[in-house]
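# Analysis of the macromolecular model
Next come the chains, spelled out residue by residue.
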Amino acid sequence: MQIFRDRGMLVVIFVMPLIELVVLAYAATFELQDTPFHLVDYDQSAVSRQLVRDFEATGYFTLVGRSFDIEEGINQILSNEAKMVMVIPPNFSEALHSPQQANVQIIINAVNNSTAGLIKGYSYAILRQFSRGVLMKAQRALPTGQLQRIKVTSRNWYNQTLDYTNYMVPGIIVLLTTLICLILSVLNIVREEELGTIEQLNVTPIKRYQFIAGKLIPTWIIAMTVFSFSLAVAYFWFGVPFRGNILLLYLTTVVYLLVIQGIGLIVSTRANTQQQAMLINFFLIMVFIMMGGIFTPIVSMPEWAQTVAHANPITYFAEITRMILLKGSGWVDIDWMLGVLGLMAAVLVPFAILTYRKRTV
Amino acid sequence: MQTFTGFVIKEFRHILRDRHTLLILFGLPIAMLMIFGYVVRNEVNEAKIAVLDHSNDVVTRTIIQKLDASSALSVTRHLTHTGQIEPAMRAGTIKEVVIFEKHFKRKLQRSGIASVQLITDATEPNIAGLIQQYSLAIIKSWQPDDQFLQTSSIGVQPNIQMLFNPQLKSVYFFVPGLIAVILMIISAIMTSVSIAREKETGTMEVLLVSPLKPYHIIVGKVLPYLALSIINIITVLVLSTWVFGVPFRGSLLFFMIVSTLFIFSALALGVFISTQTEDQRTAMMASLMGTLLPTMILSGFVFPIPSMPVALQWLSNLVPAKWYLIIVRGVMLMGTGIRYLWLPVLILVGMTIGLVAAGVLNFNDRLE
């Protein structure tokens, strides 16, 4: 009830997560969108112009400057006007129609390594396509009799359109719910301690576990509300699919929130001031989130980090949420993960209650 | 003047006495650096895949071996029939299934074409793309010797040169942003909470009746965090250079000047927030939402700004960290200086002045 009395907090609790969810979901993408590039074309032939047009036609590349001096291009990179310089050598069109190799130099600003990797990949693909086009036009006779080709087709499951939102939004929901839950539960206890109301409560006939339950339940309800709300937004606004069993998801959330509250309780019994509690809380969240596979996949992490991720409740919750929403995974697929979460809850919550007892005595 | 010095010393003592907080204020940057240096990546390493080999002949076995041998992929399951694909993918233990059709080798020899199908878990699009790319490259690289010469010289060969970060290390990209985030945490959040605490516990009244002028109070509160921030920057820089080999190609002096500027803007933001809130809790939440989250999400720290929708790109212009990042990345990684960076520097200066003015004016106002 106290929580509801604080209007300011109310706004923060409901409005902020919504805003963050939307902003983050739109911002959080590693897709390549606009790559400005500088062109140095020493060839100036119809075919080199075609190549440039091919790059621009993909929509991923935009020409922002052209010159006959590579230095100019580098300048544009240094001033952040361009991300890439494409240099076409003078004998380009001749080399294409001869057994020699035709070269194109691509200089990429690799400060953002992941963008650079994508630019490289896309460039390769465009050049491959271009090469095939040129060859077909020139009708080079290939000794087809001897040529053995492996044809590869690929299918993308669960995310046909390779939409980044489908990956990020569940992760963001997990993030928000966790944050709200942790912050609230940590603040709860510490605030009482600071304002001295703990003493008052200690005098009442209320039992310890009742006291803690009384603290836990409102937080728990609020967190569940935020979670449900975010899910609704995800489904209706972002079009994230809901392929699995919702009840299973809620069951998981129930258990997960207990784990988080357990952690929050333990932190608050250790901290001396609100500031400290928040700071420690924040620190924990940062670490858990970064290592829980929310923004960057766990498969990309080094071995030791992947092992640590197994001890991280966020890892499980994020994974389960994604699996249920996107893949329609069921009980069989997630039972062991749920079990781990249950174990964590069973260990953490009693521990929190017991250590709390020690403080007040 | 003496009262002022006394006040400042008291503030410093306060912070130093709070061992736990101090630990975190120093430990957090280091931990974050470690995490970003070692853990947060977008690359693919021993991704678990499965194969469904309908042929089981020399060719397919060779290709499968190559797939497993590559450092990017790891064949962890050999499926025996199509019905196993869906459950395996749903369980999430494998990210891709490579399917070879029947009589693979025979088809290759007789008709010149044999098919392979890749089914990839596209939940995480970029990783899926990378896994596909690697699989494709490895499969295609299998070439019987007699054709290798023919097919390699056809078409355009790109010669790719990666500037500033030839090994494409993630940590180069993250360190500048990390510095900005740490500064925000220390300067904005801690300051706002510290001032709010005075208000909440009522000691602000006491301060006000003392001979200290309002701006004395602000400076006194802010000075310890300024010092802390500078120490932290130096720590992060030293660590990232020694442990991770992140280069520092530009002028250190320029960097320190701009960083101090940025710290001022963060401190001013902290002061401003403290004037708007009544208690610590709200101060903490407000500064989290208003400074840290925009800094982490919209500044180009992790997510590239050109990839965002236009509205957000526009919004990111209001975040001081965005401009700071452009400057720091320029100085550290590209080796540029004021010549190329004059515009972001100018903007940052403007923002800082504005924020400091807002902070101080509001503080004076609120006291009346």
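Keep in mind the model is a prediction, meaning the values are calculated, not measured. Note that residues are indexed from 1 along each chain, following the sequence as it is written. Labels are handed out in written order, letters beginning with A for the chains and numbers beginning with 1 for the ligands. With pLDDT at 70 or above as the cut-off, local features in this predicted model cover only qualifying residues; side-chain atom pairs require 80 or more to be listed or tallied, and sums for whole chains, interfaces and linings still use all residues. Each side-chain value is worked out from all heavy atoms of the structure, with water and hydrogens disregarded.

## A short note on the overall build of chain A
- From N to C terminus, chain A includes 14 helices and five strands.
- Buried means the residue's accessible area, taken with a 1.4 Å probe over protein chains only, is under 20% of the maximum for its type, while exposed means over 50%, and partly exposed covers the values in between. Split into buried and exposed, the 361 residues of chain A put 53% on the buried side.
- Sequence-distant contacts, at least 24 apart, represent 78% of the contacts inside chain A between residues at least 6 apart.
- Accessible surface for chain A amounts to roughly 15900 Å². Of this, 62% is attributable to carbon and sulfur atoms. Every helix listed is a DSSP run of H or I at least four residues long, and every strand listed is a run of E at least two residues long, numbered separately from the N terminus. By the convention used here, residues are in contact when the closest approach between their heavy atoms is within 4.5 Å. Accessible areas in this description were obtained via Shrake-Rupley with a 1.4 Å probe; residue shielding takes into account the shown protein chains only.

## Quick look at the overall build of chain B
- When you go through chain B residue by residue, the secondary structure sums to 15 helices and five strands.
- Taken over C-alpha atoms, the radius of gyration is set against a globule rule of 2.2 Å times the number of residues to the power 0.38. Relative to a compact globule of 368 residues, whose C-alpha radius of gyration would be 21 Å, chain B shows 28 Å and is clearly more extended.
- Evaluated residue by residue, chain B yields a buried proportion of 54% over its 368 residues.
- Pairs at least 24 residues apart make up 77% of the contacts formed inside chain B by residues separated by at least 6 positions.
- A positive count includes Lys and Arg, and a negative count includes Asp and Glu. His and the chain ends are not counted in either. To locate a charge, take atom NZ for lysine, CZ for arginine, CG for aspartate or CD for glutamate. The distance from the centre of the 28 positive side-chain charges to the centre of the 21 negative ones in chain B is 4 Å.

## What about helix H14 (residues 320-334) of chain B?
Residues and elements named next belong to chain B.
- Multiplying one less than the number of residues by 1.5 Å gives the expected span of a helix. Along its 15 residues, H14 runs 20 Å from first to last C-alpha, staying within 8% of the 21 Å computed at 1.5 Å per residue.
- By the criterion of burial, H14 is predominantly enclosed, with 14 of the 15 residues buried.
- Looking one or two places after H14, you find Gly-335, whose phi comes out positive at around 75°.

## Some details on the pattern of salt bridges
Residues and elements named next belong to chain B.
- By definition, a salt bridge exists where a carboxyl oxygen of Asp or Glu is found within 4 Å of a side-chain nitrogen of Lys or Arg. Summed over all chains, the structure comprises two salt bridges over all chains.
- For the salt bridge of Arg-90 with Glu-86, the shortest nitrogen-to-oxygen distance reads 3.3 Å. Taken together, the residues Arg-90 and Glu-86, both in helix H4 (residues 85-90) and four residues apart, mark about one turn of the helix.
- A relative accessible area of 43% places Glu-86 in the partly exposed class.
- Linking Lys-107 and Glu-101 is a salt bridge whose minimum nitrogen-to-oxygen distance equals 2.7 Å.
- Residue classification places Glu-101 among the partly exposed residues on the basis of a relative accessible area of 22%.

## Let's talk about empty space enclosed by the protein
- Buriedness for pockets is judged along seven lines, at least five of which must meet protein on both sides within 12 Å for an open set on the 1 Å grid over protein atoms alone, while cavities are sets there where a 1.4 Å probe fits but cannot get out, and lining residues have an atom within 4 Å of a point. Grid points are joined across faces, edges and corners, and a volume is the space filled by probe spheres set on the points. According to the stated counting rule, one finds eight cavities of 30 Å³ or more in the structure shown.
- The calculated volume of the largest cavity comes to roughly 430 Å³.
- Leu-175, Leu-179 and Ile-289 of chain A together with Leu-293 and Met-296 of chain B are the residues nearest the centre of the largest cavity, which is lined by 25 residues in total.
- Elements that contribute at least two residues to the lining of the largest cavity include exactly helix H2 (7-27), helix H7 (164-195) and helix H11 (274-291) of chain A together with helix H12 (280-298) of chain B.
- Tallying contributions element by element places H12 of chain B first for the lining of the largest cavity, with seven residues.
- Its residues placed into classes, the lining of the largest cavity shows 24 nonpolar, no polar and one charged. Classes in brief: Ala, Val, Leu, Ile, Met, Phe, Trp, Tyr, Cys and Pro nonpolar; Asp, Glu, Lys and Arg charged; the others, Gly included, polar.

## Some details on the interface of chain A and chain B
- Chain A puts 105 residues into the contact, and the matching count from chain B is 109 residues.
- Accessible area, probed at 1.4 Å, shrinks when two parts are joined; the buried area is that loss added up over both. In this assembly, chain A packs against chain B so that about 9900 Å² is buried in total across both faces, 65% of it on carbon and sulfur atoms.
- Linking chain A to chain B there are zero salt bridges.
- Polar contacts, as used here, are pairs of N or O atoms within 3.5 Å; protein pairs need one atom able to donate a hydrogen and one able to accept it. Residues neighboring in sequence count only if both atoms are side-chain atoms. Here chain A and chain B share 12 residue pairs in polar contact (both at pLDDT 80 or more) between them.
- Per element, the largest residue contribution to the side of chain A that touches chain B is 13 residues, and it comes from helix H6 (residues 113-138) of chain A.
- Class assignment of the residues belonging to the side of chain A that touches chain B gives a composition of 59 nonpolar, 31 polar and 15 charged.
- Strands pair, by our definition, only if DSSP identifies at least two bridges between them. Across eight bridges, strand S4 (residues 102-109) of chain A lies against strand S5 (residues 156-163) of chain B in parallel orientation. By the bridge assignment, Asn-103 of chain A is partnered in S5 of chain B with Gln-157 of chain B.

## Some remarks on the layout of surface pockets
Residue and element names in this part refer to chain B.
- The computed volume of the second largest pocket comes to approximately 960 Å³.
- Residue assignment for the lining of the second largest pocket shows that the elements contributing at least two residues are H14 and helix H15 (338-367).
- Among the elements that make up the lining of the second largest pocket, the one with the highest residue count is H14 (seven residues).
- Grouping the constituent residues of the lining of the second largest pocket by class yields 18 nonpolar, 11 polar and six charged.

## Quick look at the packing of aromatic side chains
- Two aromatic rings, drawn from Phe, Tyr or Trp (for Trp, its six-membered ring), form a pair once their centres lie within 6.5 Å of each other, and the interplanar angle then sorts them: stacked below 30 degrees, edge-to-face above 60, tilted otherwise. Evaluation of the coordinates by the stated rule reveals 17 aromatic pairs over all chains.
- With centroids separated by 6.4 Å and ring planes inclined at 25°, the aromatic side chains of Tyr-42 of chain A and Phe-68 of chain A adopt a geometry described as stacked. Placement of the pair is Tyr-42 of chain A in the loop between strand S1 (35-41) and helix H3 (46-57) and Phe-68 of chain A in the loop between strand S2 (61-67) and helix H4 (70-78), with a sequence separation of 26 residues.
- For the pair Tyr-316 of chain A and Trp-336 of chain A, a centre-to-centre distance of 6.1 Å together with 90° between the ring planes defines the contact as edge-to-face. Taken together, the residues span a long stretch of sequence, with Tyr-316 of chain A in helix H13 (residues 313-327) and Trp-336 of chain A in helix H14 (residues 331-360) at a distance of 20 residues.
- Taking the relative accessible area as the measure of exposure, Tyr-316 of chain A reaches 5% and is therefore buried.
- When the ring centre of Trp-323 of chain B is taken as origin, the NZ or CZ atom of Lys-322 of chain B, which lies over that ring, is 5.1 Å away. Only when the NZ of Lys or the CZ of Arg is both within 6 Å of the ring centre and within 35 degrees of the ring normal is a charge said to sit over the ring.

## Observations concerning the packing of helix H11 (residues 252-276) of chain B against H14 of chain B
Residues and elements named next belong to chain B.
- Contact geometry for H11 and H14: axes closest at 11 Å, N-to-C directions at 170°. Comparing their axes, H14 and H11 come out roughly antiparallel. Relative to H14, H11 is oriented so that their crossing is left-handed. Facing H11, whose interface residues are Phe-254, Phe-255, Val-258, Ser-259, Phe-262 and Ser-265, H14 presents Pro-320, Ala-321, Tyr-324, Ile-327, Val-328 and Val-331.
- Looking at the contact of H11 with H14 residue by residue, the classes come out as 10 nonpolar, two polar and no charged. Think of each axis as a best-fit line through the C-alpha atoms, taken over the contacting stretch in the case of a helix, with angles from 0 to 180 degrees between the N-to-C directions. Roughly parallel refers to an angle under 35 degrees, roughly antiparallel to one over 145, roughly perpendicular to one between 65 and 115, and oblique to any angle outside these ranges. Left-handed is the label given to a crossing in which the near helix is rotated counterclockwise from the far helix by less than a right angle, and right-handed is the label when the rotation is clockwise.

## A look at the confidence of the model for chain A
- A score between 0 and 100, pLDDT records how confident the predictor is in each residue. When pLDDT is averaged along chain A, the result is 78; 81% of the residues meet or exceed 70.
- The element-level mean pLDDT for chain A is lowest in helix H1 (residues 2-5) of chain A, coming to 49, with strand S3 (residues 84-88) of chain A highest at 93.

## Examining the side chain of Ser-299 of chain B
Residue and element names in this part refer to chain B.
- Along the chain, Ser-299 falls in the loop between H12 and helix H13 (310-316).
- Within the structure, the side chain of Ser-299 is placed 2.4 Å from the backbone oxygen of Thr-295, a separation counted as a polar contact.
- A polar atom in the side chain of Ser-299 sits 3.4 Å from the backbone nitrogen of Phe-301.

## Looking at unusual backbone geometry
Residues and elements named next belong to chain B.
- You will see that Asn-56, though not glycine, has its phi angle at about 55°, which is positive.
- The residue Asn-56 is located in the loop between strand S1 (47-53) and helix H3 (58-69) in this model.
- Note on Asn-56: relative accessible area 48%, which makes it partly exposed.

## What to know about a nonpolar patch on the surface
- Each patch is assembled from residues with relative accessible area greater than 30% and no salt bridge, linking like charges that lie within 9 Å and nonpolar side chains (Val, Leu, Ile, Met, Phe, Trp, Tyr) that lie within 5 Å. A cluster of nonpolar residues, Trp-304 and Val-308 of chain A together with Tyr-38, Ile-234, Val-238, Trp-242 and Val-243 of chain B, forms a patch on the protein surface that exposes about 710 Å² of accessible area.
- Looking at the nonpolar patch, the elements that each hand over two or more residues are helix H12 (303-309) of chain A together with helix H10 (214-242) of chain B.
- If one sorts the elements of the nonpolar patch by residue count, H10 of chain B sits on top with three residues.
- With respect to the helices, strands and loops of the structure, Val-243 of chain B is situated in the loop between H10 and H11.

## What to know about the packing of H10 of chain B against H11 of chain B
Residues and elements named next belong to chain B.
- At a minimum axis separation of 10 Å, H10 and H11 run at an interaxial angle of 140°. When the axes of H10 and H11 are compared, the pair comes out oblique. When the axes of H10 and H11 are compared, the crossing they make is right-handed. Together, Ile-218, Val-222, Tyr-225, Leu-226, Ser-229, Ile-230, Ile-233, Ile-234 and Leu-237 of H10 and Leu-252, Phe-255, Met-256, Ser-259, Ile-263, Phe-264, Leu-267 and Val-271 of H11 make up the contact between the two elements.

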